Amino acid sequence: MAKKQDKIIEILLDRHGETFAHELGVELSRNTPTPLFRVLCLALLTSTPVGANQAMRACRALGKAGLTTPRKMADSRWEERVEVLNKNGYARYDEKTASQLEVLTDHLQTEYAGDLRKLRERANGDSSAARSLLKEFKGIGGVGADIFLREVQVCWEELGPFADKMALKSSAKLGLGDDAEALARHVNGDRQVYCRLVAALVRSQLAKDHKQILKDA
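Source: prediction; values computed, not measured.

1. Comments concerning the nonpolar core
Among the nonpolar cores identified, the biggest contains 74 residues, and Leu12, Leu116, Leu119, Phe137, Phe148 and Trp156 are the most heavily contacted of them. In terms of residue count, helix α3 (residues 33-47) provides more of this core than any other element does, nine residues in total. If sequence neighbours within four positions are ignored, Leu12 has contacts with Gly17, Leu174, Leu176, Leu197, Ala200, Leu201, Ser204 and Ile213.

The structure is reproduced here in structure tokens:
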């Protein structure tokens, strides 16, 4: 059974093992404000009822437009944000999401001086507390908070191992267990590999390719 699970994990990492932060083009391991902010924006965009690919496309477009920091986002015009979102998959939600980005940025600057590391300090190592604080950002619910935590555990190691509901659902389908601790044991607690594995499970769930993975293993 262990060899079967090892093969499943090997296939997962090979086919889907890119974190969403890496796809976005940000480096979280250094735990600096700009990458953290961009992943927070991705969490907000993913909370909107659009596809994951659209959310990533829109977040990358915001980056290309230069809206990569709280200050730059705050200084941008609402119309500018609407235009970027409208052209990148958010035609039905462009105006609402453009406003949410402004409110999110205002909250970040007011509560944390534009630095999400201060939210980490306030959570004091408690993932439930961090999740609650994230949900205080307008537009970010449970799903968005989980997306953020799933990605940032690579540098906020005290919050890991963390896996959201989608990853655990995917994991159960593949016979890898249904809790984060079990998943972490499969990779001997290697945080970098674990983050890739959790992302891979989410991508597999989105691709609905569990049967193929089990067959190939």
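After that view of the structure, there is still more to cover.
2. Considerations on the side chain of His16
As for its placement among the helices and strands, His16 is situated in helix α1 (residues 2-16). For His16, a relative accessible area of 14% translates into the label buried. A distance of 2.6 Å separates polar atoms of two side chains, one belonging to His16 and the other to Asp209.

3. Looking at the packing of aromatic side chains
A complete count under the given rule lists two aromatic pairs for this structure. With centroids separated by 5.6 Å and ring planes inclined at 70 degrees, the aromatic side chains of Phe148 and Trp156 adopt a geometry described as edge-to-face. When sorted by exposure, Phe148 lands in the same class as Trp156, which is buried. Over the aromatic face of Phe20 sits the side chain of Arg203, whose NZ or CZ is 3.9 Å from the ring centroid.

4. Points about the packing of α1 against helix α13 (residues 191-207)
In contact at an axis separation of 9 Å, α1 and α13 are set at 80 degrees when each is read in the N-to-C sense. In this view, α1 runs roughly perpendicular relative to α13, as classed from their interaxial angle. Facing α1, whose interface residues are Ile9, Leu12, Leu13 and His16, α13 presents Val193, Arg196, Leu197, Ala199, Ala200, Leu201, Arg203, Ser204 and Ala207. Its residues placed into classes, the contact of α1 with α13 shows nine nonpolar, two polar and two charged.

5. Examining α3
With 15 residues, α3 should reach 21 Å at 1.5 Å per residue; the first-to-last C-alpha distance of 21 Å fits that figure. Taking burial as the measure, the 15 residues of α3 include eleven buried ones, the bulk of the element.

6. Section: the environment of Leu201
Within the fold, Leu201 resides in helix α13. Residues contacting Leu201, with those up to four places away along its chain left out, are Leu12, Ala167, Ser170, Ser171, Leu174, Leu176 and Leu183.

7. Structural notes on the pattern of salt bridges
Counting across every chain of the model gives 14 salt bridges. Between Asp75 and Arg71 there is a salt bridge; the shortest N-O distance is 3.4 Å. Note that Asp75 and Arg71 are positioned in helix α5 (residues 70-75) at a spacing of four residues, about one turn of the helix. Accessibility expressed as a relative area gives 54% for Asp75, which makes it exposed. Taking the shortest distance from any N to any O, the salt bridge between Glu158 and Arg120 comes out at 2.8 Å. With a gap of 38 residues between them, Glu158 in the loop between α10 (142-152) and α11 (165-173) and Arg120 in helix α8 (residues 117-123) connect regions that are remote in the sequence. Judged by its relative accessible area of 31%, Glu158 falls in the partly exposed class. Connected through salt bridges with shared partners, the residues Arg120, Glu157 and Glu158 form a single ionic network.

Conventions used here
- Throughout this description, residue numbers start from 1 for each chain and increase along the sequence as written.
- Totals for whole chains, interfaces and linings use all residues, but because this is a predicted model, local features are given only for residues with pLDDT of at least 70 and pairs of side-chain atoms are given and counted only at 80 or more.
- Excluding hydrogens and water, the side-chain figures rest on all heavy atoms present in the structure.
- Residues grouped as a nonpolar core are buried Ala, Val, Leu, Ile, Met, Phe, Trp, Tyr and Cys residues, joined through side-chain atoms within 4.5 Å.
- Whether a residue is buried, partly exposed or exposed follows from its accessible area with a 1.4 Å probe, protein chains only, as a fraction of its type maximum: under 20%, in between, or over 50%, in that order.
- To qualify as a helix, a DSSP run of H or I must reach at least 4 residues; to qualify as a strand, a run of E must reach at least 2; elements of each kind are numbered from the N terminus.
- Whether two residues touch is decided by their heavy atoms; if any such pair falls within 4.5 Å, the residues are in contact.
- Polar contact is the term for a pair of N or O atoms within 3.5 Å; when the atoms are in protein, one must be able to donate a hydrogen and the other to accept it, and sequence-neighboring residues count only if both atoms are side-chain atoms.
- Ring pairs shown here join Phe, Tyr and Trp side chains whose ring centres sit within 6.5 Å, with only the six-membered ring taken for Trp; geometry is labelled stacked below 30 degrees between planes, edge-to-face above 60, and tilted in between.
- A ring is scored as having a charge over it whenever the NZ atom of a lysine or the CZ atom of an arginine sits within 6 Å of its centre and within 35 degrees of its normal.
- Axis geometry follows a simple rule: fit a line to the C-alpha atoms, using only the stretch in contact for helices, then measure angles between N-to-C directions, giving values from 0 to 180 degrees.
- Under this scheme an angle from 65 to 115 degrees is roughly perpendicular, one under 35 degrees roughly parallel, and one over 145 degrees roughly antiparallel; angles in between are oblique.
- Under the scheme applied here, ten amino acids are nonpolar (Ala, Val, Leu, Ile, Met, Phe, Trp, Tyr, Cys and Pro), four are charged (Asp, Glu, Lys and Arg), and all others, including Gly, are polar.
- Every helix has an expected span of 1.5 Å times one less than the residues it contains.
- Definition used for salt bridges: Asp or Glu carboxyl oxygen within 4 Å of a side-chain nitrogen of Lys or Arg.

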